[in-house]
Amino acid sequence: MGRVSRRAFAVAALSAFTMMPQASAATGRRGGAPDSEMRGVWIASVANRDWPSKSGLSAARQRAELLTHLDTAAGNHLNTVFFQVRPTADAMWPSPYEPWSQYLTGTQGKDPGWDPLGTAVEEAHARGLRLHAWFNPYRVAVHADPSRLAASHPARENPDWVVTYGGKLFYNPGLPEVRAFVEDAMLDAVAKYPVDGVHFDDYFYPYPVAGQTFDDDAAYDEHGGGFPDRAAWRRDNIDRLVRETADRVKEVRPGARFGISPFGVWRNAGTDPLGSDTTAGVETYDDLHADTRKWVREGWIDYIVPQLYWNIGFAAADYAKLLPWWAEAARDSSTQLYVGEALYKAGDPAQPAAWQETGELSRHLTLAVEYPQVRGHVYFAAKDVAADRIGAMARVVADHYGQPAPPPR
């Protein structure tokens, strides 16, 4: 997932919201019993970000680390884990479509000797946690050398499916056969395991790399007829992935929910009057060809978790401005709104001054109480919940998660 700042935004002073009174310490809401709300955490496996801590660990060690993350989530009164099971066109379960993930053993395709996804689902449920299987649809590798992939990897068997861009390998979203394949690969896990949800992160078309072009000319020439321009065709490709995945999840596992955690800015108001009062360097609609607002308004997805990874008062992308924008986008929609929170920034000396304050994240939750469309929060990511460098997560728990709460349905 690599949730880091996408562009170097200017640092701004904290807004007046930093002095808002806290919500009920017992409930996260003002008074009454604990409400149904999302209290989630991402467990990222790509590049061994959260789990396993490094490749090549024994099966017993990998399992123990995973259970520790689940115990930590439950101990902080969280109720949902988003477990990354397909980080780079590979698998954290025995898949007939794709090889075992290299992040388990260090060698892509090597059997780790156990079933991480099956274990995660069983053990999460044993702790009263729900588990959403988190998939990255189109990323093939974080390097640009196909020969480093497992010999049986579909990207090697179908090199025409792959685009090299920014030093990485991607499946081409413009090819219908690619879209069908990645859906089949992901739905295999959904069919096999009683997951509570299916989750995509913020990667659709790749983030822009200066001076480089994503070469999908041949696909556009073959499939782009009838669209006003390439951007509209690309957005339609991603729309199709979202709609088709939503339909197939409901067919395969009717009780599971489908949601997406996009980059937090759909479009800046300077680009589109419907956009947010931001000056972000990335806009999902234009740069990733992901019309995230449309998915919410049309009710194509069950929930959305915009990554609002900025502090209150941050000039280019102010949390206090983006939160009401997303609340309005979700108003009267069937799509539930949760907020992605940048716990990883708390206490990082490279981040703005606001992130050195223990209470910054708690203030986010206090502000969110004012918007009924916000049904909870999800934290990036598991190792930061465990480490809690400056006590920011402990502050959230003390101020808002004093009692357990069921996730929304």
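Just so it is clear, the model here is predicted, and its values are computed rather than measured. (Residues numbered from 1 in each chain as written. Predicted model: local features only at pLDDT ≥ 70, side-chain atom pairs only at ≥ 80, totals over all residues. Heavy atoms only, no water.)

1. Some remarks on the packing of helix α11 (residues 360-368) against helix α13 (residues 392-400)
Contact geometry for α11 and α13: axes closest at 8 Å, N-to-C directions at 35°. Helix-helix and strand crossings are classified by hand; for α11 and α13 the assignment is right-handed. Residues Leu361, Ser362, Leu365 and Thr366 of α11 form the contact with α13, whose participating residues are Arg395, Val396, Asp399 and His400. Residues belonging to the contact of α11 with α13 are distributed by class as follows: three nonpolar, three polar and two charged. (Axes fitted to C-alpha atoms, helices over the stretch in contact; angles between N-to-C directions. Helix = DSSP H or I, 4+ residues; strand = E, 2+ residues; numbered from the N terminus. Left-handed = near helix turned anticlockwise from the far one by under 90°. Contact = heavy atoms within 4.5 Å. Nonpolar A, V, L, I, M, F, W, Y, C, P; charged D, E, K, R; others polar.)

2. Quick notes on the pattern of salt bridges
Two side chains that carry opposite charge are able to pair once their charged atoms sit near each other. This structure, assessed with the given rule, holds 25 salt bridges. For Lys192, the salt bridge goes to Asp188, with nearest N and O atoms at 3.2 Å. Here the residue Lys192 and the residue Asp188 both occupy positions in helix α5 (residues 176-192), the gap between them amounting to four residues, near one helical turn. Of the charged contacts, one joins Asp399 and Arg395 as a salt bridge, the two residues approaching to 2.7 Å between their closest N and O atoms. In this pair, Asp399 and Arg395 are both assigned in helix α13, four residues apart and thus about one turn of the helix distant. Using a relative accessible area of 12% as the deciding quantity, one classes Asp399 as buried. Here the salt bridges do not stand alone but share partners, grouping Arg63, Asp71, Glu123 and Arg127 into one network. (Salt bridge = Lys/Arg side-chain N within 4 Å of Asp/Glu carboxyl O. Buried < 20%, exposed > 50% of the residue type's maximum accessible area, 1.4 Å probe, protein only.)

3. A closer look at the confidence of the model for the chain
With 92% of its residues at a pLDDT of at least 70, the chain reaches an overall mean of 92. Low pLDDT (under 50) marks residues 1-33, which in the prediction has 115 contacts with non-local residues, meaning those over four places away or in another chain. (pLDDT = per-residue confidence, 0-100.)

4. Description of the sheet that holds strand β4 (residues 139-141)
The strands that make up a sheet pair up through hydrogen bonds in the backbone, lying either parallel or antiparallel. Strand order in the open sheet formed by three strands is β4-β6-β5, with antiparallel pairing between adjacent strands. Every interior strand has two partners, whereas the edge strands, β4 and β5 (162-165), have only one. Taking each pair of neighbouring strands and ignoring which way they run, the sheet shows an average axis angle of 35°. Note: β5 against strand β6 (residues 168-171), four bridges, orientation antiparallel. Note that in β6 the partner of Val163 across the bridge is Phe170. (Pairing = 2+ DSSP bridges.)

5. Description of the environment of Asp247
Within the element layout of this structure, Asp247 appears in helix α7 (residues 230-252). Taking the C-alpha atoms as reference points, Asp247 and Trp300, 53 residues apart in sequence, are found 8.9 Å from one another.

6. Examining the nonpolar core
Counting 127 residues, the largest nonpolar core has Phe135 and Tyr171 as its most contacted members. In this structure Phe135 touches Val85, Arg86, Trp93, Met186, Ala189, Val190, Val198, His199, Phe200 and Asp201, once residues within four positions along its chain are discounted. (Core = buried A, V, L, I, M, F, W, Y, C linked by side-chain atoms within 4.5 Å.)

7. Quick look at the packing of helix α1 (residues 59-75) against helix α3 (residues 116-126)
Relative orientation of the contacting elements α1 and α3 amounts to 35°, with a least axis distance of 10 Å. The interaxial crossing formed by α1 with α3 has right-handed handedness. Residue-level inspection shows Arg63, Leu66, Leu67 and Leu70 of α1 in contact with α3, the latter providing Pro116, Thr119, Ala120, Glu123 and Ala124. Class assignment for the residues of the contact of α1 with α3 results in six nonpolar, one polar and two charged.

8. Details of the sheet that holds strand β2 (residues 80-86)
In spatial order, the strands read β1-β2-β3-β7-β8-β9-β10-β11; together these eight strands close into a barrel with parallel pairing. Pairing of β2 with strand β3 (residues 130-135) involves six bridges; the strand directions are parallel. Bridging from a neighbouring strand, Arg86 pairs with Phe135 of β3. Against the sheet, α5 engages β2, β3 and β7 (197-200), with an angle of about 130° to β2. Contacting β9 (303-304), β10 (336-341) and β11 (374-379), helix α10 (residues 319-330) crosses the sheet at an angle of about 160° to β10.

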